[in-house]
Amino acid sequence: MNNMPNTFRIVIFDLESSGLKANDSTVLCGVVRSLDGKELKFYNKNLGKDGINDRQVVCDIRDELNKADLIVGFYHLSFDMKLINTKLLGFNEKMVDKKLHCDLYRIAKSVFNTNRRNLDTIAKFLGIKQQKTHIDWALWREAAINGNKKALKEIIRHCIMDVRVTEEVFLRLKGLIK
């Protein structure tokens, strides 16, 4: 029998930003959650002061992602990872190490025949009880531009829920991973 402990670390990852492009947005927060339930939240402490300076938060997220063996997300290869790595390059920082990835959007796109293939639709279709939260863009602006702590707290909560829903979808779809 193999008595070696399983040290393969799988994390679920999501981030929230003030926009869709690295050169004209700021990272507001990110959540990295391991399958054992340990959840780490990172947020931009410069909001309302020098909010466009998100160097520390992207470096903190990178450092945590670098501890993982597999990074799981939903559309994270086309958005989150590109955004964070572009930010890191802009700061002349080291990008996230090359890792194994499981982008659940890509699985959903190849397997599901639903009217939409976003996280909310897939989670509802699978009957997952935890659902995504929805936030008005005004709240995003309040956090990003004014550094409103109450608004940022809601965005962090939204990010946490996205990660938890993504984890539930991953646990349901992991048998489809090739």
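Quick notes on the rules
- Residue indices follow the written sequence of each chain, beginning from 1 at its first position.
- In view of the model being predicted, local features appear only for residues whose pLDDT reaches at least 70, and side-chain atom pairs are presented and counted only at 80 or more, with totals across whole chains, interfaces and linings using the full set of residues.
- In computing side-chain values, all of the structure's heavy atoms are included and hydrogens and water are not.
- What counts as an axis is a line fitted to C-alpha atoms, over the stretch in contact for a helix, and the angles between N-to-C directions run from 0 to 180 degrees.
- Helix and strand definitions follow DSSP, with helices as H or I runs of at least four residues and strands as E runs of at least two, each counted in order from the N terminus.
- Roughly parallel here means an angle under 35 degrees, roughly antiparallel means over 145, roughly perpendicular means 65 to 115, and every remaining angle is called oblique.
- The sense of a crossing depends on the near helix, which, turned anticlockwise from the far helix by less than a right angle, makes the crossing left-handed and, turned clockwise, makes it right-handed.
- Note on contacts: a residue pair qualifies if any of its non-hydrogen atoms lie within 4.5 Å across the two residues.
- Classification of ring pairs uses Phe, Tyr and Trp, with its six-membered ring standing for Trp, and accepts pairs whose centres are within 6.5 Å; under 30 degrees between planes counts as stacked, over 60 as edge-to-face, and the remaining range as tilted.
- Think of it in three bands: with a 1.4 Å probe and only protein chains considered, a residue is buried below 20% of the maximum accessible area for its type, exposed above 50%, and partly exposed in between.

### Notes on the packing of helix 5 (residues 137-146) against helix 6 (residues 149-173)
It is at 8 Å that the axes of helix 5 and helix 6 come closest, and there the two elements cross at 120 degrees. The angle between helix 5 and helix 6 falls in the class oblique. Crossing angle aside, the handedness with which helix 5 passes helix 6 is left-handed. Counted together, Leu 139, Trp 140, Glu 142 and Ala 143 of helix 5 and Ala 151, Leu 152, Glu 154, Ile 155 and His 158 of helix 6 form the full contact between these two elements.

### Structural notes on the packing of aromatic side chains
According to the stated counting rule, one finds four aromatic pairs in the structure shown. A centroid spacing of 6.0 Å and a plane angle of 75 degrees characterise the contact between Phe 74 and Tyr 105, whose relative ring orientation is edge-to-face. Residue Phe 74 is found in the loop between strand 4 (70-73) and helix 2 (80-90), and its partner Tyr 105 is found in helix 3 (residues 104-111); the two are separated by 31 residues along the sequence. On the basis of relative accessible area, Phe 74 is assigned to the buried category, the value being 13%. Between Trp 137 and Trp 140, the aromatic rings sit 5.2 Å apart at their centres with planes inclined by 45 degrees, giving tilted as the arrangement. One end of the pair, Trp 137, and the other, Trp 140, are both in helix 5, three residues apart, so they sit about a helical turn from each other. Given the relative accessible area of 8%, Trp 140 is considered buried.

### Points about the packing of helix 1 (residues 55-65) against helix 2
For the pair helix 1 and helix 2, interaxial distance at closest approach is 10 Å and the crossing angle is 120 degrees. Relative to helix 2, the element helix 1 lies oblique. Pair helix 1 / helix 2 crosses with left-handed handedness. Note on element contacts: helix 2 touches helix 1 through Met 81, Ile 84, Lys 87 and Leu 88, opposite Val 58, Cys 59, Ile 61, Arg 62 and Leu 65.

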